[in-house]
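Now for the letters of each chain:
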Amino acid sequence: KNGHRKIGIICGLPDSLHTQNRLLGYQKALYDSAILYNPNLVMYGNWERESGYNLCGPLVEKGVTAIFCNNDEMACGAIDYCNEHGIFVGKDLSIVGFDNREIGEVVRPKLSTVSLPLFEIGQKATEIILSMISGTYSSKEHHLRIECSVIERDSVCRI
């Protein structure tokens, strides 16, 4: 919605289910916005801040205007890279994380992120376990979706 068309992604480890699901979400969001998926804009890290730092530069060199990171730690590393290289996050480049960790509130600029509804996930899991124990579990409840939300802070700009 902010006009970005060249969006890179810094993923976690390639064999991680979380990485695979978040990459699919990224691909679906591109498709839904009529943006062609470019595998050259996909970088794989290790979930650590340092990998976000190390992978931000190659994406910037490829001309991305926005970077989606598979977790907030790597997003903070990408912000570190930008801060050290004169790139103004939230003005020159947009960065979004995932997880809504506390670090997103203290990094500068404050990190926009995707928030996982952890309480609701735990609550629903508990309800399912209790229904299994009581014998009232229905297999149709096996696949549930609980929506995430985007928390917009200062790390995103409109182009």
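Shown above is the structure to which this text applies.
How each quantity is defined
- Residues numbered from 1 in each chain as written.
- Predicted model: local features only at pLDDT ≥ 70, side-chain atom pairs only at ≥ 80, totals over all residues.
- Heavy atoms only, no water.
- Salt bridge = Lys/Arg side-chain N within 4 Å of Asp/Glu carboxyl O.
- Helix = DSSP H or I, 4+ residues; strand = E, 2+ residues; numbered from the N terminus.
- Buried < 20%, exposed > 50% of the residue type's maximum accessible area, 1.4 Å probe, protein only.
- Polar contact = N/O pair within 3.5 Å; in protein donor to acceptor, adjacent residues only side chain to side chain.
- Pairing = 2+ DSSP bridges.
- Axes fitted to C-alpha atoms, helices over the stretch in contact; angles between N-to-C directions.
- Contact = heavy atoms within 4.5 Å.
- Core = buried A, V, L, I, M, F, W, Y, C linked by side-chain atoms within 4.5 Å.
- Disulfide = S-S within 2.5 Å.

(A) Highlighting the pattern of salt bridges. Applying the stated criterion to the full structure yields seven salt bridges. With its nearest N and O atoms 2.7 Å apart, the salt bridge here joins Asp 80 to Arg 49. In this pair, Asp 80 is assigned in helix H3 (residues 72–84) and Arg 49 in helix H2 (residues 49–61), connecting sequence segments 31 residues apart. Since its relative accessible area comes to 29%, Arg 49 is described here as partly exposed. A salt bridge links Lys 110 to Glu 105; the shortest N-O distance between them is 3.9 Å.

(B) Fine view of the side chain of His 4. In this fold, His 4 is placed in the segment before strand E1 (7–11). We classify His 4 as buried; its relative accessible area is 12%. At a separation of 2.7 Å, a polar atom in the side chain of His 4 contacts the side chain of Thr 65. A distance of 2.8 Å separates the side chain of His 4 from the backbone oxygen of Cys 157, its partner in a polar contact.

(C) The arrangement of the pairing of E1 in detail. Extensive coverage of E1 is indicated by the burial of five of its five residues. What you see with E1 is no split at all: Ile 7, Ile 9 and Cys 11 on one side and Gly 8 and Ile 10 on the other are buried throughout. Across four bridges, E1 lies against strand E3 (residues 66–69) in parallel orientation. Of the residues in E3, the one forming a bridge with Ile 9 is Phe 68. Pairing between E1 and strand E2 (residues 42–44): three bridges, direction parallel.

(D) Structural context of the sheet that holds strand E4 (residues 94–98). Spatially, E2-E1-E3-E4-E5-E6 is the arrangement adopted by the six strands of the open sheet, whose pairing is mixed. Strands with a single pairing partner mark the edges of an open sheet, and in this sheet they are E2 and strand E6 (149–151). Sheet twist, expressed as the average angle between the axes of neighbouring strands with direction ignored, equals 20 degrees. Relative to E4, E3 runs parallel, the two sharing three bridges. Looking across to E4, one finds that Ala 66 is bridged to Ser 94. Sheet strands touched by H3: E1, E3, E4 and strand E5 (112–115). Its angle to E4, the strand with the most contacts, is close to 155 degrees.

(E) A look at the nonpolar core. Core analysis: the largest hydrophobic core is formed by 36 residues, its most contacted members being Ile 10, Tyr 26, Ile 67, Cys 69, Cys 82 and Ile 95. Those elements that provide at least two residues to this core are E1, helix H1 (17–32), E2, H2, E3, H3 and E4. For this core, the element with the most residues is H3, which contributes seven residues. Ignoring sequence-local partners within four residues, the contact set of Ile 10 consists of Met 43, Gly 52, Leu 55, Cys 56, Leu 59, Ile 67, Phe 68, Cys 69, Asn 70, Met 74 and Ala 78.

(F) The arrangement of the state of the cysteines in detail. Tallied over the entire structure, the rule returns zero disulfides. Sulfur of Cys 11: no disulfide; nearest cysteine sulfur belongs to Cys 69 and is 9.3 Å away. Looking at the unpaired Cys 82, the closest cysteine sulfur is the one in Cys 56, lying at 3.8 Å.

Everything listed here is a matter of coordinates, which is why it stays silent on function.
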